[in-house]
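Coordinate inspection notes
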Amino acid sequence: MTQKLIIGNTEAVCLPELGITHLETRIDTGAQTSSLHVDNLLCLRKKGRKYVEFDLHPDVYHLEKIVRCSAPLKACRKVKSSNGTFEHRCVIETLLRMGDQEWPIEITLSNRQDMTYMMLLGRQGMSDKVLVDPSQSHVLAS
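Residues numbered from 1 in each chain as written. Predicted model: local features only at pLDDT ≥ 70, side-chain atom pairs only at ≥ 80, totals over all residues. Heavy atoms only, no water.

1. Structural notes on the overall build of the protein
Here is the rule: Segments assigned H or I by DSSP are reported as helices when at least four residues long, segments assigned E as strands when at least two residues long, and all are numbered from the N terminus. As a reference, a globule follows 2.2 Å times the number of residues to the power 0.38, and the radius of gyration itself is taken over C-alpha atoms. Residue exposure (1.4 Å probe, protein chains only): buried if accessible area is under 20% of the type maximum, exposed if over 50%, otherwise partly exposed. Residue contacts are defined here by distance: any two heavy atoms, one from each residue, within 4.5 Å place the two residues in contact. None of His or the chain ends enter the tally, which takes Lys and Arg as positive and Asp and Glu as negative. Charge positions are represented by NZ for Lys, CZ for Arg, CG for Asp and CD for Glu.
Of regular secondary structure, the protein possesses one helix and twelve strands. Its helices and strands taken in sequence order, the protein reads β-β-β-β-β-β-β-β-β-β-β-α-β from the N to the C terminus. Over its C-alpha trace the protein gives a radius of gyration of 15 Å, about what one expects of a compact globule, namely 14 Å for 142 residues. Taking the principal axes of its C-alpha atoms as reference, the protein extends roughly 40 × 35 × 30 Å. Burial status across the protein gives 39% buried among its 142 residues. Expressed as a percentage of contacts within the protein between residues at least 6 apart in sequence, the contacts between residues at least 24 apart total 54%. Counting 18 positive and 17 negative side-chain charges, the protein places the averaged centre of each group 9 Å from the other.

The structure is reproduced here in structure tokens:
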């Protein structure tokens, strides 16, 4: 059995399949789903399969840095946002790496431009892999 990671309320995560090696992420045990801020979202078909393409800003302090990503579209879901309204969001599945562990997670693609963090990691994405210490931040970096 793999020991659970102890993480703080914010952590730097990797999304290796999307080419992201360091993304400051808010850990939110109150949120069911994980979400990622994207721009220029485009839905398309490749070889008969639905895909999404989008731009990511991996560094909140240098928004001019953009990574163009592509991923198979897993679903479109109605999600209740933090302000209580419902939105239809595209859902992708990708690998999440924290510390020396990685596992697949579902991420909804949304507009988080007014939020401090480009990604929010919710309970489903944490799976049974982590324990959260809300009094700490960047535990994995120490």
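2. Let's talk about the side chain of H37
We apply this condition: As used in this structure description, the phrase polar contact means that two N or O atoms lie within 3.5 Å; if the pair is within protein, one of them must be able to donate a hydrogen and the other to accept it, and residues adjacent in sequence are counted only when both atoms belong to side chains.
Tracing the chain through its elements places H37 in strand β4 (residues 34-37). Of note is the side chain of H37, whose polar atom sits 3.4 Å from the side chain of D39.

3. Section: the confidence of the model for the protein
As a reminder, the rule being used: How sure the predictor is of each residue is captured by pLDDT, a score from 0 to 100.
In the predicted model, the protein carries a mean pLDDT of 90, and the fraction of residues at 70 or more is 97%. Per-element averaging of pLDDT across the protein places strand β8 (residues 75-80) at the bottom with 88 and strand β2 (residues 10-15) at the top with 96.

4. Focus: the environment of S135
Tracing the backbone through its elements, the reader meets S135 in the segment after β12 (130-132). Polar contacts involving the side chain of S135 include one to the side chain of D133, which spans 2.7 Å.

5. Some details on the pattern of salt bridges
We apply this condition: A pair is scored as a salt bridge if a Lys or Arg side-chain nitrogen falls within 4 Å of a carboxyl oxygen belonging to Asp or Glu.
As enumerated under the stated definition, the model contains eight salt bridges in all. Between E93 and K74 there is a salt bridge, with the nearest N and O atoms lying 3.0 Å from each other. With E93 in strand β9 (residues 86-98) and K74 in the loop between β7 (67-72) and β8, the pair connects residues that are 19 residues apart, well separated along the chain. E93 sits in the partly exposed class, given a relative accessible area of 41%. Look at K74 and you get partly exposed, because its relative accessible area is 42%. R77 is the salt-bridge partner of E106, the closest N and O atoms lying 2.8 Å from each other. Here E106, found in strand β10 (residues 101-110), pairs with R77, found in strand β8; they are 29 residues apart in sequence, far enough to count as distant. When its relative accessible area of 24% is taken as the criterion, E106 is described as partly exposed. Taken together, the shared-partner salt bridges in this structure form one network comprising K46, E53, D55 and R68.

6. Concerning the pairing of strand β3 (residues 20-27)
Counted only if it meets this: Two strands pair if DSSP finds at least two bridges between them.
Here β2 runs beside β3; their pairing, made up of five bridges, is antiparallel. Note on β3: the bridge partner recorded for E11 is T25. The hairpin formed by β2 and β3 contains four residues between the paired strands, and G19 there has a positive phi angle of roughly 80 degrees. Alignment of β3 against strand β11 (residues 119-121), held across three bridges, turns out to be parallel. Within β11, the position partnered with R26 by the bridge is L120.

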